[in-house]
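Results of the structural survey
What follows is the residue order along each chain.
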Amino acid sequence: MAAGLKLHYLDYGKAGKPAMLCVHGGAAHAHWFDFVAGDFARDHHVLALDQRGHGDSEWAEPPDYSYERYAADLAEVVGNLDLRDFVLVGHSMGGTISLTYAAAHPGRARALVVVDSTLVMTPDRVARLREVGSRPGSTYASRQDFVARYKLRPASTTTAPETVRYLAQVSARQMPDGSWRHKFDRNVYATRETVDGLPCWNRIRIPALLVKGALSARISPQVYAEVKSRCPQVELAEIAASDHHVTLDNPRGFVQAVRTFLAKHAGAVSG
């Protein structure tokens, strides 16, 4: 529970090992980490959260999907699960939310991994997302129809077709009228706000890794330089053969980069 909403999460096992909490991006869900969690579970107790309005977690009514609200949810989840000295991994929107949480709650996470996030949401980008979110979403007569027409957003050029089909199988929910729709509240986009995540980096003292998809332009050299000026210990890993959906496009490369980073900082403690 967080702020009265039931939030769902996946537990990939290995309780007793150091915790790793994974936070997905907008319009996605916890299963985005299915392709990397098994490898991380060799050394960690891996958990992946469905954020409010996503996956099998409840939707907020009235809509309440600010970055601050998501970060507050994350704080409640961390407290409820009694996570300490854990690794926090966030992709895309989830990366900015994880960054916001880590900046506001020093002393809980021991390492932060931000994966291909847009750190500054400009008015133009927010306007585009709001326009998308304000349109009625597609409905499908059957789960089979949903699966057949499912696509990643944004489109990926490197995700294997079998990976896309797997995600399609776990991305639909049946509505009261019998139709099928995405497990995603479109108000997440319709109420999107401008946000500047860069100042949060001034407050990050733990080991931190920026992960960039090699084919993605979201983390430019200029963005990395700006983050580095605010958070001198931050590192950058570029994952070959991947676009925005790094954990789907090149899961092996992603795991290798993160494991190398974590091994380097194995003795780090939060605070």
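Residues numbered from 1 in each chain as written. Predicted model: local features only at pLDDT ≥ 70, side-chain atom pairs only at ≥ 80, totals over all residues. Heavy atoms only, no water.

Considerations on the nonpolar core
Let me state the cut-off plainly: In this text, buried Ala, Val, Leu, Ile, Met, Phe, Trp, Tyr and Cys residues form a nonpolar core when linked through side-chain atoms within 4.5 Å. Residue burial is assigned from relative accessible area. The probe radius is 1.4 Å, only protein chains are included, and a residue is buried under 20% of its type maximum, exposed over 50%, and partly exposed in between. Whether two residues are in contact is decided by their heavy atoms: any pair within 4.5 Å suffices.
Among the nonpolar cores identified, the biggest contains 47 residues, and Leu21, Leu74, Phe86, Leu88, Leu112, Trp201 and Ile204 are the most heavily contacted of them. For Leu88, the contacting residues outside a window of four places in its chain are Leu21, Val23, Leu74, Ser98, Tyr101, Ala109, Ala111, Leu112 and Val113.

Focus on the sheet that holds strand S3 (residues 45-49)
Think of a sheet as strands paired side by side through backbone hydrogen bonds, with each pair either parallel or antiparallel. Filter applied, for reference: Think of it this way: DSSP has to see at least two bridges between two strands before they count as a pair. Numbering of helices and strands starts at the N terminus; helices are DSSP runs of H or I of at least 4 residues and strands are runs of E of at least 2. Note on geometry: axes are C-alpha line fits, over the in-contact stretch for helices, and angles between N-to-C directions span 0 to 180 degrees.
Spatial strand order, S1-S3-S2-S4-S5-S10-S11: seven strands in an open sheet with mixed pairing. This sheet does not close on itself; its edge strands, each paired only once, are strand S1 (9-11) and strand S11 (235-239). Taken pair by pair, the neighbouring strands of this sheet meet at an average axis angle of 20°, ignoring direction. When strand S5 (residues 109-115) meets strand S10 (residues 208-213), the two strands line up parallel, connected through four bridges. Its bridge partner being in S10, Val114 is matched across the sheet by Leu210.

Focus: the packing of aromatic side chains
Selection rule: Here a pair means two rings of Phe, Tyr or Trp (six-membered ring of Trp) with centres within 6.5 Å. Their orientation is stacked below 30 degrees between planes, edge-to-face above 60, and tilted elsewhere.
Enumeration according to the criterion identifies seven aromatic pairs in this entry. The interplanar angle of 40° and the centroid separation of 5.7 Å between the aromatic rings of Phe146 and Tyr150 together place this pair among those described as tilted. The class for Phe146 is buried, based on a relative accessible area of 0%. Ring geometry for Phe184 against Tyr189: centres 5.1 Å apart, planes inclined by 70°, an arrangement best described as edge-to-face.

A closer look at helix H2 (residues 67-80)
Here is the rule we go by: Each residue after the first adds 1.5 Å to the expected span of a helix.
Between its first and last C-alpha atoms H2 spans 20 Å; for 14 residues at 1.5 Å apiece the expected length is 20 Å, and the two agree. For H2, the set of buried residues is Tyr67, Arg69, Tyr70, Ala71, Asp73, Leu74, Val77 and Val78.

Regarding the pairing of strand S2 (residues 19-23)
The side chains of a regular strand alternate, first on one face of the sheet and then on the other. For S2, a buried count of five out of five residues is recorded, marking the element as mostly surrounded by other parts of the structure. By the alternation rule, side chains of S2 split into Ala19, Leu21 and Val23 and Met20 and Cys22, which are all buried. Strand direction decides the pairing type here: S2 and S3, joined by five bridges, are parallel. When the sheet's bridge partners are listed, Cys22 is paired in S3 with Ala48.

A look at unusual backbone geometry
Residues apart from glycine generally show negative phi values, whereas peptide bonds are mostly found in trans. A cis amide bond links Glu61 to the next residue, Pro62, at an omega of 5°. Looking at where Pro62 falls in the secondary structure, it is placed in the loop between S3 and H2. In this structure, Pro154 follows Arg153 across a cis peptide bond, with omega equal to -10°. The topology assignment puts Pro154 in the loop between helix H5 (143-149) and helix H6 (161-169). Positive phi, normally seen in glycine, also occurs at Ala27, with a value near 65°. With respect to the helices and strands, the residue Ala27 is situated in the loop between S2 and helix H1 (34-40).

Description of helix H3 (residues 93-104)
With 12 residues, H3 extends 17 Å between its outermost C-alpha atoms, agreeing within 8% with the 16 Å of an ideal straight helix rising 1.5 Å per residue. Every buried residue of H3 is accounted for by Met93, Gly94, Gly95, Thr96, Ile97, Ser98, Leu99, Thr100, Tyr101, Ala102 and Ala103.

Brief notes about the layout of surface pockets
To find leftover empty space, one rolls a probe the size of a water molecule over the atoms. Heads up, the condition is: The method works on a 1 Å grid over the protein atoms by themselves. A cavity is a set of points holding a 1.4 Å probe that cannot get out, a pocket is an open set with protein on both sides within 12 Å along at least five of seven lines, and residues with an atom within 4 Å of a point line them. Grid points are joined across faces, edges and corners, and a volume is the space filled by probe spheres set on the points. In this count, Pro and Cys sit with the nonpolar residues alongside Ala, Val, Leu, Ile, Met, Phe, Trp and Tyr, while Asp, Glu, Lys and Arg are called charged and the others, Gly among them, polar.
There is about 1,000 Å³ of room inside the largest pocket. At the level of elements, H3, helix H4 (123-134), strand S8 (180-182) and helix H7 (187-190) are the ones that each hand at least two residues to the lining of the largest pocket. No other element matches the three residues that H4 contributes to the lining of the largest pocket. Considering only residue class, the lining of the largest pocket consists of 17 nonpolar, 14 polar and 11 charged.

Considerations on the environment of Thr260
Here Thr260 lies in helix H10 (residues 251-264). Residues Thr260 and Ala103, spaced 157 residues apart in sequence, show a C-alpha to C-alpha distance of 24 Å.

Regarding the environment of Val132
With respect to the helices and strands, Val132 occurs in helix H4. The residues touching Val132, leaving out its near neighbours within four places in the chain, are Arg186 and Tyr189.

Let's talk about the packing of H2 against H3
For clarity, the threshold we go by: Put simply, angles under 35 degrees are roughly parallel, angles over 145 are roughly antiparallel, angles from 65 to 115 are roughly perpendicular, and the rest are oblique. Rotating anticlockwise by less than a right angle from the far helix to the near helix defines a left-handed crossing, while the corresponding clockwise rotation defines a right-handed one.
Between H2 and H3, whose axes approach to 9 Å, the crossing angle comes to 70°. Relative to H3, the element H2 is oriented roughly perpendicular. The chirality of how H2 crosses H3 is right-handed. Along the contact surface, H2 presents Tyr67, Tyr70, Ala71, Leu74, Ala75 and Val78, while H3 presents Met93, Thr96, Ile97, Ser98, Thr100 and Tyr101. Looking at side-chain class alone, the contact of H2 with H3 contains nine nonpolar, three polar and no charged residues.

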